[in-house]
Structures are given as structure tokens and as C-alpha cells.
Amino acid sequence: MGRLDRILPASAGIDPRGILDFVDQLGSQGCHSVIVLRHGRVAAEGWWHPYREQAGHMLYSMSKSFVSIAVGFAVQEGCLTLDDLVLPFFKQELPCEPCEYMRRVTIRCLLTMSLGHSENELDFIYSKRPWTYTCLTEYLDFEPGSRFVYDNRATYLLSAILQKQTGMTVFDYLKPRLFDPLGISDARWEKNPQGVNPGAFGLNLKTEDIAKFGLFLLNRGSWDGRQLLRPGWIEMAAAKQIETKAAQTAAGPDWQQGYGFQFWRCVVPGAFRCDGAFGQYCVVLPERDLVVAMTSGNQNMSENLRLIWDVLLPAVHDAPYNDGASDTGDQAQQELSARLSHLEIAVPAGTASDGRAVRYSGLSYHMAVNNLGITRMALTFGDTDTLTLSLHAKSFTVAIGHGVWLENETGVTEEESLSFTADFFSRVACAGAWQNGRYRVKMIYNLTPFTDALDFTFDEAGLAVHYRREPALRKNDFQLSGRPAGKNDE
């Protein structure tokens, strides 16, 4: 099966006015795309431009659920069991003796995030030693399997074990077993310095691919008449395997309903999900025969889920929906179709030009030392404004639209990026405007959840730039300054 079939919401038992309200509220929550799948067909779909249907999106921790499915295939094929101890897979790589608790960690402990740590840390990513060595030589605080602590190290170790056992990365292992049968052809998964998929993050998929994965889960491992994975694994993975309430008291209620094998339970009975930072979601509701796939750039992830429960679900009915007034239904469908085809993230408000534009156009600025590694900036104003930016040892120029998003390929690689993530930052859509004497630019890295906002203030002494990235992953707010290097200075 390639592209999923489409159906009108009313034919799928969904009031189009409910979807319209759902989509409108999602837009205010930083949503980038959404697909509502009912009875195996797409009832509604939309992308907020410059995010596009044909492009993938960083999934962050949604990647973990794909690792769970890979483990399921490995168990099905006799490569692993849930009770296998972890250390024997790495006995040739550990020159020092691990702690006693580490000796008792099993595959099941890794799947249920009960490795034994007291907190989640990402220090292993930045270690100069191999990630596996760092994870396995850390001290564990608790008996393995005794308590849940959300832990990226657990999923990474699963990925490393799968590669040990199969001779393939998780991505390559899943390709003929999951991605190819589901018609997922453009997936990408980052590798760490040791050539291992991080597992806990790093997967990039299109929104329809997320919806396909949800349908595969909804159908308990079956796809297009073929049973790819035993239903029992899906049932175990989606079921509550460990309590999370005590460990997730600071999170919303959907993070307190229990954890399966790299899947979260939800407040709605029977529902489960895979999710990733900033609102990447695949929500499966078996009792409603419904899947919701979503990508976002939202700091408040619980709000996206609340909108599914409180706004979308009341519009979902057991039979084809008919409000008794066909004219009203037709009008609602027309309004929904128009809205979904014209979704867009707002461009910066303001004027296309300003008296300062001529004075400072083309002037290059040497930037003071900063944590972003930006060494030079220049703005040229004209029919199409451009920003030239030197980042570490490389320069690139992007076109900036006024009232429209202009897409650019920067050629920036992982090492040269403003983030530690990979070349997903090589594509950026830009728009700008003058407002209150400042030039304001937004740069949307539309393979990611992230948007950079840059406010430029010019005077004779130099350039001041307020840089902010949303949503915030780490420190995201910087004040930069530059001194003029001369007109059109190279």
C-alpha cells in the first residue's frame, strides 16, 4: 500500500465542524501538521506552511516506539528474549567491572524504562568514550525493574543490542520488516559516532508515515492483509507494564497513566501513544478506531493531547455523521476543506522597507565572540532581502520573503549547525519585516520543530541582534553585537 485512502469526515462518523474547531485551536499551539485517521482512512489532514506534506519532520522520542517494534521483530525471530541480561551482549567492551545492579538489567528493564537510574541524563551523548561504555559503567541507584525513570540510555542500549544481534542498525533492520511493507520510503535515522542509531531519538518521518505506523499498531501488527508482527507484541507494548505516576508528577495527567514497552498510556480508556519532544504524536484509540498523527513545535505538549480529548473526540460518532441539515453539513465541509488547504504559520508583521534599509544595506558586520559561533552577518535590502551569515568556517545566504515564506537550502552540516542535531537544519524558510525601527526575521527549519527569531537594530556604531530559538531545547536567548566592516566587505 502506498498512499492511504481518503474519506470525508462525515462518512467516517466525524462532524466536520469538530475537526474545524480542533484544527483552529491546534494552530495556536504551534502545530505543524495533523492527520486524523478513522476506519483506516484519512478523514482530515493539514500542514501549516512552510511545513509540507512531502517533507519529513524530526520525531525526537517518538523514535523510541519504533525501537520497541524492532525488539518485537527480534523476539519473534528468536534473536532476543525479554529476560536476556544486557551485559553479556557487551562482555568484550567493558574493561572495568560494572556495578552489581547493572549485572541484573534485562531487555524487559530497558523496554519499561526501569534500568535503575534515579534521573534521565543526556551526558552520554557528549562523552568522548563510546556511548555504550558510558551507559554501562554508570552507577545504578535502584534494583533494575523496580521503578520507572524516563531514560534515554535505556532505549539507546536496546538499539545497540539489536545492532549486535542482527548486524544491522535498527533502521536497516526495520526497513524490510516495517518501512517497506508500509510504503515508508523517505525515512531517515541519525547515527552516533559509533555508527549506531541513537534509538531514543533521531528518526525523521513524514506525517502520513506516522499515521501509517499508527494504523499498523491499531491493526495489531497487521498490514494490507499480512500479519507482519505478532499481535501479542503490540498488546504487551501498548499495555501498562509499569507505574509512572510517582515518577511523572510534574508532567500532565497523560504521563501518569503508566508505561508499556516504549509506549505511553493515555487518560482516555484504551488509548496509547508514542510521543516526542515539542508535540510529535502518534495517538492510537482502538475503541474509537481512530489514529491522530501530529507534528509540532510546542513547549506545552499536554495541550495538544487535551485538544484531542476535549475537542476532537466529542465530534467522533459510531455511525456516519448526519446533523439533519445537509446544507449545514455541506457548508461545514467546504469551510473545513478551505481551512485545511490554506493553513500557514504567520509571517512577521510590518512594512517591506524602512529609511534605514538603504543606509545599512550590504554592510558587513564582524560579530563579537558568541556561543552560537556566528562570526559575520550582512543584510542586503531590495526586491528580495537577503541575510548572509558566517557560521564557524562556512558562509551561506538566505532569501527573506515579505508577506511570504521563501525556502532556502543552506548547505549547513551537522558540525556547522546552530544545533547539535544533524543536517535537518540545512533547509530553512525565511520571512521578515520592518517594525518600530527594527528588522525582524523568522527562520523556520521546516524539517524540525524549530524557529529562529532575529531582531536587528542598526545604528552608526554597529549592529545589535536579539536571537531566540523556539521551542527551547537548551539556552535559546542571546544578545549578539557586531561592528561594521565596510560596505559590501567580503
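Rules and cut-offs
- Here the residue index of a chain counts from 1 through its sequence in written order.
- Where totals are concerned, whole chains, interfaces and linings use all residues; where local detail is concerned, this predicted model gives features only for residues with pLDDT of at least 70, and gives and counts side-chain atom pairs only at 80 or more.
- Where side-chain values are given, they derive from all heavy atoms of the structure, hydrogens and water being excluded.
- The convention used is that axes are lines fitted to C-alpha atoms, helices contributing only their stretch in contact, and that angles between N-to-C directions extend from 0 to 180 degrees.
- Helix and strand labels come from DSSP, where a helix needs a run of H or I of at least four residues and a strand needs a run of E of at least two; each type is numbered from the N terminus.
- Roughly parallel means an angle under 35 degrees; roughly antiparallel means over 145; roughly perpendicular covers 65 to 115; every other angle is labelled oblique.
- Here is the rule for handedness: rotate from the far helix to the near one, and if that takes an anticlockwise turn smaller than a right angle the crossing is left-handed, while a clockwise turn gives right-handed.
- Whether two residues are in contact is decided by their heavy atoms, any of which lying within 4.5 Å being enough.
- Classes in brief: Ala, Val, Leu, Ile, Met, Phe, Trp, Tyr, Cys and Pro nonpolar; Asp, Glu, Lys and Arg charged; the others, Gly included, polar.
- Take the buried Ala, Val, Leu, Ile, Met, Phe, Trp, Tyr and Cys residues and link them wherever side-chain atoms come within 4.5 Å; each set so joined is a nonpolar core.
- Here's how the labels work: a residue is buried when its accessible area is under 20% of the maximum for its type, exposed when over 50%, partly exposed in between, all with a 1.4 Å probe on protein chains only.
- What a helix should span is 1.5 Å times the count of its residues minus one.
- Between N or O atoms, a polar contact is any pair within 3.5 Å; within protein, one atom must be a potential hydrogen donor and the other a potential acceptor, and residues adjacent in sequence are included only when both atoms are from side chains.
- Two kinds of site are reported from a 1 Å grid over the protein atoms alone, namely cavities, where a 1.4 Å probe fits but cannot get out, and pockets, open sets with protein on both sides within 12 Å along at least five of seven lines, and residues are called lining when an atom falls within 4 Å of a point.
- Grid points are joined across faces, edges and corners, and a volume is the space filled by probe spheres set on the points.
- When the centres of two rings from Phe, Tyr and Trp lie within 6.5 Å, Trp using its six-membered ring, the rings pair. Their planes under 30 degrees apart give stacked, over 60 give edge-to-face, and anything left gives tilted.

S.K.: So what exactly am I meant to see when it comes to the packing of helix 2 (residues 63-76) against helix 8 (residues 207-218) here?
M.R.: The geometry of a pair of packed helices is captured by two quantities: the angle between their axes and the separation between those axes. Taken N-terminus to C-terminus, the directions of helix 2 and helix 8 make an angle of 45 degrees; their axes are 12 Å apart at the nearest point. Relative to helix 8, the element helix 2 lies oblique. Two packed elements cross with a definite hand, and for helix 2 against helix 8 that hand is left-handed. Contacts between helix 2 and helix 8 involve Ser65, Phe66 and Ile69 from the former and Phe213, Phe216 and Leu217 from the latter. Class assignment of the residues belonging to the contact of helix 2 with helix 8 gives a composition of five nonpolar, one polar and no charged.

S.K.: Got a minute to help me understand the side chain of serine 65 in this structure?
M.R.: Assignment of secondary structure puts serine 65 in helix 2. Serine 65 has contacts with Phe213, Gln262, Phe263 and Cys274, leaving out every residue within four places of it along the chain.

S.K.: Hey, could you run me through the nonpolar core in this one?
M.R.: Most often, soluble globular proteins keep nonpolar side chains buried together rather than apart. In terms of nonpolar packing, the biggest core is built from 123 residues, with Phe22, Phe66, Ile69, Leu174, Leu178 and Phe216 touching the most fellow members. With near-sequence residues (within four places) excluded, phenylalanine 66 lies in contact with Leu174, Leu178, Phe179, Trp189, Leu203, Leu205 and Phe213.

S.K.: Please explain helix 1 (residues 16-27) as it appears in this structure.
M.R.: Side chains three or four residues apart in an α-helix point the same way, a direct result of the helix having 3.6 residues per turn. Its 12 residues give helix 1 an end-to-end C-alpha distance of 17 Å, which sits within 8% of 16 Å, the value for a rise of 1.5 Å per residue. Taken together, the buried positions of helix 1 are Pro16, Gly18, Ile19, Leu20, Phe22, Val23 and Leu26. N-capping of helix 1 is provided by aspartate 15, with a side-chain oxygen placed 2.9 Å from the backbone N of arginine 17.

S.K.: In this structure, what is going on with empty space enclosed by the protein? I would like to understand it.
M.R.: A probe as big as a water molecule, rolled over the atoms, marks out the empty space that is left. Evaluated as defined, the whole model comprises three cavities of 30 Å³ or more. Lining the second largest cavity are His32, Ser33, Trp47, Tyr51, Arg52, Ala55, Gly56, His57, Thr207, Thr295 and Asn446. The class makeup of the residues in the lining of the second largest cavity is three nonpolar, seven polar and one charged.

S.K.: What am I meant to see in the environment of tyrosine 365 here?
M.R.: Tracing the backbone through its elements, the reader meets tyrosine 365 in strand 12 (residues 363-367). Apart from the residues lying within four places of it in its own chain, the contact partners of tyrosine 365 are Tyr360, Thr375, Arg376, Met377, Phe458, Gly462, Leu463, Gly482, Arg483, Pro484 and Ala485.

S.K.: Whenever I open this one, the packing of aromatic side chains confuses me. Can you help?
M.R.: Within a pair of aromatic rings, the relevant descriptors are the distance that separates the centres and the angle that separates the planes. This structure, assessed with the given rule, holds 25 aromatic pairs. Each ring, one from tryptophan 233 and one from phenylalanine 261, has its centre 5.3 Å from the other, and the planes form 40 degrees; the classification is tilted. One end of the pair, tryptophan 233, is in helix 9 (residues 231-238); the other, phenylalanine 261, is in the loop between helix 9 and strand 8 (264-265), and 28 residues separate them in sequence. By the burial criterion, tryptophan 233 is buried, and phenylalanine 261 matches it. The interplanar angle of 70 degrees and the centroid separation of 5.4 Å between the aromatic rings of phenylalanine 278 and phenylalanine 450 together place this pair among those described as edge-to-face. One end of the pair, phenylalanine 278, is in the loop between strand 9 (272-276) and strand 10 (280-285); the other, phenylalanine 450, is in the loop between strand 18 (438-444) and strand 19 (451-459), with 172 residues separating them in the sequence. Considered together, phenylalanine 278 and phenylalanine 450 belong to a single accessibility category, that of buried residues. Three or more aromatic residues joined by ring pairs make a cluster, and in this case those are Tyr360, Tyr365, Phe381, Trp434, Tyr439, Phe456 and Phe458.

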